[in-house]
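One letter stands for each residue in the lines below.
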Amino acid sequence: MSTGHQHGQPIQRAGARHAGRLRLALVLTVAFLVVQAVASFLTGSLALLSDSAHMLVDAVGLGLSLAAIGLANRDGAHSRSRTFGLYRLEVLAALANAVLLLGVSAYVLVEAGFRIANEPSVDAGPMIVVAIIGLGINVVALLLLRPGASESLNVEGAYIEVLADLVGSVGVIGAGVIVLTTGWSGADTIVGAAIAVWIVPRTLRLASRSLRVLLQVAPAGLDVDGLRSSL
């Protein structure tokens, strides 16, 4: 039993090794989230609202990721029956991140549909300034999470969300420039919807990979028949 009890530990540490980076990314995200959310309502920007909604999901996702890592590591030291610990909590956190992000994308697309018929005015100046600051925050968070994204589905989920925010910030800046130079506020609605659509395929891939682990499906690309023959 003592040998079997260690089954899950090397895998758990894949996420735990990057817990410090996750914490720092969470602090940066939460610190800027309130500013961005308030700015989206003051400026009337759907693109900025879409980006702030994604950042909210980032904060929730990072919190779930850290909680899953902490529970997985703590359980491994105290449970004799769960010989693999609670590593799959990290995979569940990645799946939860994907579901939350899909929900936010659906909300933004519905809001964009309402705005097509009646374009509200958008204050482009503050919108651009906030988006530029958000872009800087996202770059820092992305660099923090990138090393762990290839080792843990949990960290990869957080990484994908921050990547979506980074692309969203670029889109918001572009929309702000168009509104500022041409006065066409429809650009804000289009960019907001585009940000939501852009992230959906990536989120579905993450959800699919998480479900494959939870359902114990063979990894993609593995020749099961060939493996069975070799055994």
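See the structure shown above.
Owing to the predicted nature of the structure, the values given are computational and were not obtained by experimental measurement.

Asks: Would you take a moment to explain the overall build of the chain for this structure?
Replies: For the chain, the count of helices and strands is eight helices and zero strands. In sequence order, the secondary structure elements of the chain are arranged as α-α-α-α-α-α-α-α. The buried share of the chain, reckoned over its 231 residues, is 47%. Sequence-distant contacts, at least 24 apart, represent 81% of the contacts inside the chain between residues at least 6 apart. In the form shown here, the chain has an accessible surface area of approximately 11,300 Å², with 69% of it arising from carbon and sulfur atoms.

Asks: Help me understand unusual backbone geometry, please; the structure alone is not making it clear to me.
Replies: Most peptide bonds adopt trans geometry, and most residues besides glycine take a negative phi value. The phi dihedral of Gln-216 is positive, around 60 degrees, even though this residue is not glycine. Among the secondary structure elements, Gln-216 is positioned in the loop between helix H7 (186-214) and helix H8 (224-230).

Asks: Would you mind showing me how to read the pattern of salt bridges here?
Replies: Two side chains bearing opposite charge may form a pair once their charged atoms approach each other closely. Counted by the stated rule, this structure contains one salt bridge. Note that Arg-228 and Asp-225 form a salt bridge whose closest N and O atoms lie 3.2 Å from each other. With Arg-228 and Asp-225 both in helix H8, this residue pair falls three residues apart, about one helical turn. With respect to class, Arg-228 is no different from Asp-225; both count as exposed.

Asks: Where do I start with the environment of Thr-43 in this structure?
Replies: Here Thr-43 shows up in helix H2 (residues 19-43). A C-alpha to C-alpha distance of 5.5 Å links Thr-43 and Val-122, two positions 79 residues apart in sequence. Beyond its immediate sequence surroundings of up to four residues, Thr-43 is in contact with Leu-48, Ser-121, Val-122, Asp-123, Pro-126 and Met-127.

Asks: I would appreciate a short explanation of the side chain of Asp-188 in the present structure.
Replies: Summarising the element assignment, Asp-188 is placed in helix H7. For Asp-188, a relative accessible area of 0% gives the class buried.

Asks: What exactly am I supposed to notice about the packing of H2 against helix H5 (residues 124-149) here?
Replies: Axes are the key here: two packed helices are described by the angle between their axes and the distance separating the axes. Close contact between H2 and H5 brings their axes to 10 Å; oriented N to C, the two are set at 165 degrees. Taken together, the axes of H2 and H5 lie roughly antiparallel to each other. In the crossing of H2 with H5, the sense of the turn from one axis to the other is left-handed. Here Arg-21, Leu-22, Leu-24, Ala-25, Leu-28, Phe-32, Gln-36, Ala-39 and Thr-43 of H2 come into contact with H5, specifically with Pro-126, Met-127, Val-130, Ile-133, Gly-134, Ile-137, Val-140, Ala-141, Leu-143, Leu-144, Leu-145 and Pro-147. Across the contact of H2 with H5, the residue classes tally to 17 nonpolar, three polar and one charged.

Rules behind the numbers
- Residues numbered from 1 in each chain as written.
- Predicted model: local features only at pLDDT ≥ 70, side-chain atom pairs only at ≥ 80, totals over all residues.
- Heavy atoms only, no water.
- Helix = DSSP H or I, 4+ residues; strand = E, 2+ residues; numbered from the N terminus.
- Buried < 20%, exposed > 50% of the residue type's maximum accessible area, 1.4 Å probe, protein only.
- Contact = heavy atoms within 4.5 Å.
- Areas by Shrake-Rupley, 256 points an atom, 1.4 Å probe, with all protein chains shown as cover.
- Salt bridge = Lys/Arg side-chain N within 4 Å of Asp/Glu carboxyl O.
- Axes fitted to C-alpha atoms, helices over the stretch in contact; angles between N-to-C directions.
- Parallel < 35°, antiparallel > 145°, perpendicular 65-115°, else oblique.
- Left-handed = near helix turned anticlockwise from the far one by under 90°.
- Nonpolar A, V, L, I, M, F, W, Y, C, P; charged D, E, K, R; others polar.

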